[in-house]
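Spelled out, the chains give:
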Amino acid sequence: MSKAWSGRFTKEMDRLVEEYTSSISFDYRLYREDIMGSLAHVQMLGEKGILSLAETEAIKEGLLVVKESIEKGEVEFSLAHEDIHINIEKLLYDEIGPVAGKLHTARSRNDQVATDLHLYVRDKGEGIVKLLGEVQVVILNLAKQHIETVLPGYTHLQRAQPVSFAHHLLAYFWMLERDKERFRDSLQRNNQSPLGAGALAGTTFPIDGERVAEILGFKRVYANSMDAVSDRDFVVEFLANASILMMHLSRLAEELILWSSAEFSFIELDDAYCTGSSIMPQKKNPDVPELLRGKTGRVYGNLMGLLTVLKGLPMTYNKDLQEDKEFLFDTVDTLEASLALIGPLLQTLKVNVEVMYKACIQDYSNATELADYLAKRGLPFREAHEVTGRIVLYAIEKEKFLLDLSLEEYLGFSELFASDVYALLSPVEVVKRRANQGGTGFSEVQRQIKRAAEVIEG
Ligand code: ARG
């Protein structure tokens, strides 16, 4: 069959050009959205009397048959038919004959592909929000089991102050919550229909764009047909949101990698989520979190790629825009696969509560308590900090920890010390006492868990 646009041409297309310009090898993934858009379009054409009832019904039925055969894997898409839009039209033609040609009345592939993408981004965006919610539930459940598990909290990757493990985990819960908000927020802006924009300027047919929008579940029609066909902001937003999300997952992945090293030994990843080494028999490698971290690079790259494609494009549709899809598809695949793994990875990991606790005991991350103790007894905080610094130095020299120093030793630094100081120095106590709003104190973590549960319940 000849090309959809062959009328104007006198020569056959060069084969390399055909390969170079075709997008069917990847945009076949939009078949569902394409058919959905076409069904809405043809329904409206029928309602407006632009097509007869018989034509409308024939096209609708034909489209459904085409959809079914694609889903059954009975269809072989053809490179010669360039993209998913023309391929489907050809399949429709094979099914119902020349009336298939009427489907494209008052429409261009430019508003068609934009519509497909809006539908796709909506579907995938909603899916990502759901997957994020599932990961949040896993984090929340793990947090619930570890309210009173203490581990060192870090700044500069140096032990800083002990914290509740639940508190640490929940930091990720809130990151993912913001990710959900970002996807949802972007979906609001995605919520408009480009159909009716035609190639760029609209159409002379008496169409009803609002009706199409309504059938497709979009809130409104684009106010400007030129904007409608050239806009890919909604894809950029999706990729930007995805990048921020992957950055979060990558940070979590990094902690899992660190924690599972012999140097930390805070956790052990389940065998099912690790791999071995082909040369070193003892190795158990955290490949999944490493790849999560690594794949963040390709998701950022997809965002940069699309922004670069869009930069400097004149109005309106340019073939460059065909390059938007692979960035989007690759990001969707990466997000879906990553989000599917992170939950089970967290669910199955073993938490070495004792090791975490020991890391709190065998260091000086309770030093702030001493400074606060002295400050509460009237010493200006700066001086208290100075005195405590000297105590820590002394302890390091003596190869002792703060709990090991005798009262006499403490009194040698300040007369304000009394035996009640020891109670404050145990890591559990240190954590417990940070009970201000948003702090790591156990009671506050409980409150935080309640708040997180409310978020999940919506
Ligand atoms: N395959 C094209 C794309 O993905 C569809 C739009 C083609 N429009 C055109 N005027 N050539 O962007």
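See the structure shown above.
Presented here is an overview of the structure given in this document. What you see is a predicted model; the values in this text were computed from it and never measured.

**Some points on the overall build of the protein chain**
Looking only at helices and strands, the protein chain features 19 helices and six strands. Against the globule reference of 23 Å for 458 residues, the protein chain gives a C-alpha radius of gyration of 31 Å, more extended than a compact globule. Expressed as lengths along the three principal axes of its C-alpha atoms, the size of the protein chain is roughly 100 × 50 × 40 Å. Taking all 458 residues of the protein chain together, the buried fraction comes to 49%.

**A word on the pairing of strand E1 (residues 150-155)**
Looking along a regular strand, one sees side chains alternate from face to face of the sheet. With six bridges joining them, E1 and strand E2 (residues 158-164) adopt antiparallel strand pairing. Counterpart to Tyr154 in the pairing with E2 is Arg159. Remark: two residues form the turn of the hairpin made by E1 and E2, two consecutive strands paired antiparallel; His156 in that turn has positive phi of roughly 55°.

**Some remarks on unusual backbone geometry**
Residue Met315 is joined to Thr316 through a cis peptide bond whose omega torsion reads -5°. Positionally, Thr316 belongs in the loop between helix H11 (287-310) and helix H12 (324-348). Even without being a glycine, Leu157 presents a positive backbone phi close to 55°. Counting through the fold element by element, Leu157 comes out in the loop between E1 and E2.

**Structural notes on the site of the ligand**
Surrounding the ligand, one finds Ser23, Asp27, Asp83, His85, Arg109, Asn110, Val113, Tyr317, Gln322 and Lys325. Within the side chain of Asp83, a nitrogen or oxygen atom sits 2.9 Å from a nitrogen atom of the ligand. Taking Asn110, its side chain carries an N or O atom lying 2.9 Å from a nitrogen atom of the ligand. Counting residues per element, the shell around the ligand draws most heavily on helix H6 (residues 109-145), which supplies three residues. Tallied by class, residues from the shell around the ligand come to two nonpolar, four polar and four charged.

**Digging into the packing of helix H3 (residues 31-47) against helix H8 (residues 209-216)**
It is at 9 Å that the axes of H3 and H8 come closest, and there the two elements cross at 135°. Between H3 and H8, the interaxial angle falls into the category oblique. Between H3 and H8 lies a crossing whose hand is right-handed. Two secondary-structure elements touch here, H3 through Met36, Gly37, Ala40, His41, Gln43, Met44 and Glu47 and H8 through Arg211, Val212, Ile215 and Leu216. A class-by-class count of the residues in the contact of H3 with H8 yields six nonpolar, three polar and two charged.

**Topic: the environment of Glu89**
Among the secondary structure elements, Glu89 is positioned in helix H5 (residues 84-96). Linking Glu89 and Gly101, residues twelve residues apart in sequence, is a C-alpha distance of 7.5 Å. Discounting residues that sit within four places of it in the chain, Glu89 has contacts with Ala100, Gly101 and His104.

**Quick look at the packing of aromatic side chains**
Inspection of the entire model under this criterion finds eleven aromatic pairs. Plain terms: the ring middles of Phe183 and Phe238 are 5.4 Å apart, the flat faces sit at 75° to each other, and that makes the pair edge-to-face. Placement of Phe183 in helix H7 (residues 165-190) and of Phe238 in helix H10 (residues 233-259) is noted, with a sequence separation of 55 residues between them. Between the aromatic rings of Tyr410 and Phe417, the centroid separation amounts to 4.9 Å while the plane-to-plane angle is 45°, which identifies the pairing as tilted. Here Phe417 falls in the buried class, since its relative accessible area comes to 4%. Clustering of aromatic rings is evident, with ring pairs tying together Tyr373, Tyr410, Phe417 and Tyr422. When the ring centre of Phe218 is taken as reference, the NZ or CZ atom of Arg122 above it lies at 4.8 Å.

**A short note on the nonpolar core**
A general tendency of soluble globular proteins is for nonpolar side chains to be buried together. The biggest cluster of nonpolar side chains holds 107 residues, and the ones touching the most others in it are Phe183, Leu245, Leu328 and Leu346. Sequence-distant contacts of Leu346, defined by excluding residues within four places in its chain, comprise Val138, Ile139, Leu142, Leu252 and Leu256. Core analysis: the second largest hydrophobic core is formed by 18 residues, Leu370, Leu374, Leu405 and Phe417 among them.

**Remarks on the pattern of salt bridges**
Evaluated as defined, the whole model comprises 28 salt bridges. Put simply, Asp324 and Lys325 hold a salt bridge, and the shortest N to O gap is 2.8 Å. Both residues of the pair, Asp324 and Lys325, count as buried. Among the charged side chains, a salt-bridge network with shared partners connects Glu82, Asp83, Arg109 and Lys319.

Conventions adopted
- Here the residue numbers are simple positions, counted from 1 along each chain's written sequence.
- In keeping with the model being predicted, local features are shown solely for residues with a pLDDT of at least 70 and side-chain atom pairs are shown and tallied solely at 80 or more, while totals for entire chains, interfaces and linings include all residues.
- The basis for the side-chain values is all heavy atoms of the structure; hydrogens and waters are excluded.
- By the criteria applied, helices consist of DSSP H or I runs no shorter than four residues and strands consist of E runs no shorter than two, each listed in order from the N terminus.
- Atoms considered for the radius of gyration are the C-alpha atoms alone. The globule rule reads 2.2 Å times the number of residues to the power 0.38.
- Note on exposure labels: buried denotes an accessible area under 20% of the residue type's maximum, exposed denotes more than 50%, and partly exposed covers the range between, all computed with a 1.4 Å probe on protein chains only.
- Here a strand pair is declared whenever DSSP counts at least two bridges between the two strands.
- We call a residue near a molecule or strand when any one of its heavy atoms sits within 4 Å of it.
- Two N or O atoms form a polar contact when they lie within 3.5 Å of each other; inside protein one atom must be a possible hydrogen donor and the other a possible acceptor, and for residues adjacent in sequence the pair counts only when both atoms belong to side chains.
- Classes in brief: Ala, Val, Leu, Ile, Met, Phe, Trp, Tyr, Cys and Pro nonpolar; Asp, Glu, Lys and Arg charged; the others, Gly included, polar.
- Every angle, taken between N-to-C directions, lies between 0 and 180 degrees, and every axis is a line fitted to C-alpha atoms, over only the stretch in contact when it is a helix.
- Note on terminology: angles under 35 degrees are roughly parallel, angles over 145 are roughly antiparallel, angles of 65 to 115 are roughly perpendicular, and the others are oblique.
- With the far helix as reference, a near helix turned anticlockwise by less than a right angle produces a left-handed crossing, and one turned clockwise produces a right-handed crossing.
- Contacts are assigned to residue pairs with any non-hydrogen atoms lying within 4.5 Å of each other.
- The aromatic pairing rule takes the rings of Phe, Tyr and Trp, using the six-membered ring of Trp, and pairs them if the centres are within 6.5 Å, calling planes under 30 degrees apart stacked, those over 60 edge-to-face and the rest tilted.
- Think of it as a cone above the ring: NZ of Lys or CZ of Arg counts as a charge over the ring if it is within 6 Å of the ring centre and within 35 degrees of the ring normal.
- Take the buried residues of types Ala, Val, Leu, Ile, Met, Phe, Trp, Tyr and Cys, join any two whose side-chain atoms come within 4.5 Å, and each joined set is a nonpolar core.
- Think of a salt bridge as a Lys or Arg side-chain nitrogen and an Asp or Glu carboxyl oxygen that are within 4 Å of each other.

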